[in-house]
Amino acid sequence: MQRRTRAVLGLAVLLAVGLGAALTSPRWVLSRLDWLAADPLRFTAALVALALVRPLLAWPTTLIAVVVGYGWGLRGLPIALALIALTSVPPFLLARRSADGGRFATAGARAMAATGDLRGVIVSRLLPAPSDAVSVGVGLSGVPLRAFLVGTAIGELPWAVAGIVAGRSIERVLREGLGAVIEPQLILAAAVAAVLLLAGPAYRHFAGADAR
């Protein structure tokens, strides 16, 4: 019964998030950046509010970096990373609370055990996958909150820098969408970094398997 209740609750949350994503658009925020940035206090409050409501609307975390880039440029990078980590916590905690030891959770836990929690989170963030999907997967794997936050901040670094740079030319983002923020070269570089981070654990895993 408890498992069924968690499943129903999780489905209800997914439906609510899907409805919010369908009825809203990040463009609404981007088109009002001039007004928000005119007052530093208003801009800061809007950023915090954006980080809090973003998971409910299923907006990409890159949006936060774009907004930070528009208002503060690269000097706002630490704030962007902190807010990206903060906004990733709700889906992580929801998945962690609803984890029932199923096949996916078990496979995730084994993967994190092989790579290490921090390294595993960093690698998962470097891969070009939807941020909330990554948060849910990591939450199901049983990773501690501290490793999740630190790994998210490190792994999201290239995407945050790309968002901040794009925020300095907001007209292009408004014209082409948030997808224009991420260049193919950046995706390739992040994927290479993820593979390099996995090389050591993969070698030890297979070497250990051969020894047995």
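Overview of the structure.

1. Notes on the packing of helix α5 (residues 62–72) against helix α6 (residues 77–87)
Piece 1. Look at α5 against α6: their axes get within 9 Å of each other, and the N-to-C directions meet at 155°. Considering their axes alone, α5 and α6 lie roughly antiparallel with respect to each other. Handedness of the crossing formed by α5 with α6: right-handed. In this structure, α5 uses I64, A65, V68 and W72 to contact α6, whose residues at the interface are I79, A80, L83, I84 and T87.
Piece 2. Across the contact of α5 with α6, the residue classes break down as 8 nonpolar, 1 polar and no charged.

2. What to know about the side chain of S124
Piece 1. Relative to the assigned elements, S124 resides in helix α9 (residues 117–126).
Piece 2. Judged by its relative accessible area of 16%, S124 falls in the buried class.

3. Remarks on the layout of surface pockets
Piece 1. Estimated volume of the second largest pocket: approximately 400 Å³.
Piece 2. For the lining of the second largest pocket, the secondary-structure elements that each account for two or more residues are α9 and α10 (131–140).
Piece 3. When residues of the lining of the second largest pocket are assigned to their parent elements, the largest contribution, 4 residues, is made by α10.
Piece 4. Partitioned by chemical class, the residues of the lining of the second largest pocket number 13 nonpolar, 5 polar and 4 charged.

4. Looking at the packing of aromatic side chains
Piece 1. As enumerated under the stated definition, the model contains 2 aromatic pairs in all.
Piece 2. On the numbers, 5.1 Å between centres and 80° between planes, the contact of F43 with W72 is edge-to-face. Separated by 29 residues along the polypeptide, F43 in helix α4 (residues 40–57) and W72 in helix α5 bring together distant segments of the chain.
Piece 3. A relative accessible area of 3% means that F43 is categorised as buried.
Piece 4. Ring plane angle 10° and centroid distance 4.1 Å describe the contact between F92 and F148, whose orientation is recorded as stacked.

5. Considerations on the environment of V195
Piece 1. Residue position: V195 is located in helix α14 (residues 184–211).
Piece 2. For the pair formed by V195 and L127, sequence separation is 68 residues and the distance between their alpha carbons is 9.6 Å.

Rules used in this analysis
Residues numbered from 1 in each chain as written. Predicted model: local features only at pLDDT ≥ 70, side-chain atom pairs only at ≥ 80, totals over all residues. Heavy atoms only, no water. Axes fitted to C-alpha atoms, helices over the stretch in contact; angles between N-to-C directions. Helix = DSSP H or I, 4+ residues; strand = E, 2+ residues; numbered from the N terminus. Parallel < 35°, antiparallel > 145°, perpendicular 65-115°, else oblique. Left-handed = near helix turned anticlockwise from the far one by under 90°. Contact = heavy atoms within 4.5 Å. Nonpolar A, V, L, I, M, F, W, Y, C, P; charged D, E, K, R; others polar. Buried < 20%, exposed > 50% of the residue type's maximum accessible area, 1.4 Å probe, protein only. 1 Å grid on protein atoms, 1.4 Å probe; cavity = no way out; pocket = protein on both sides within 12 Å on 5 of 7 lines; lining within 4 Å. Points joined across faces, edges and corners; volume = space filled by probe spheres on them. Phe/Tyr/Trp six-rings, centres within 6.5 Å; stacked < 30°, edge-to-face > 60°.

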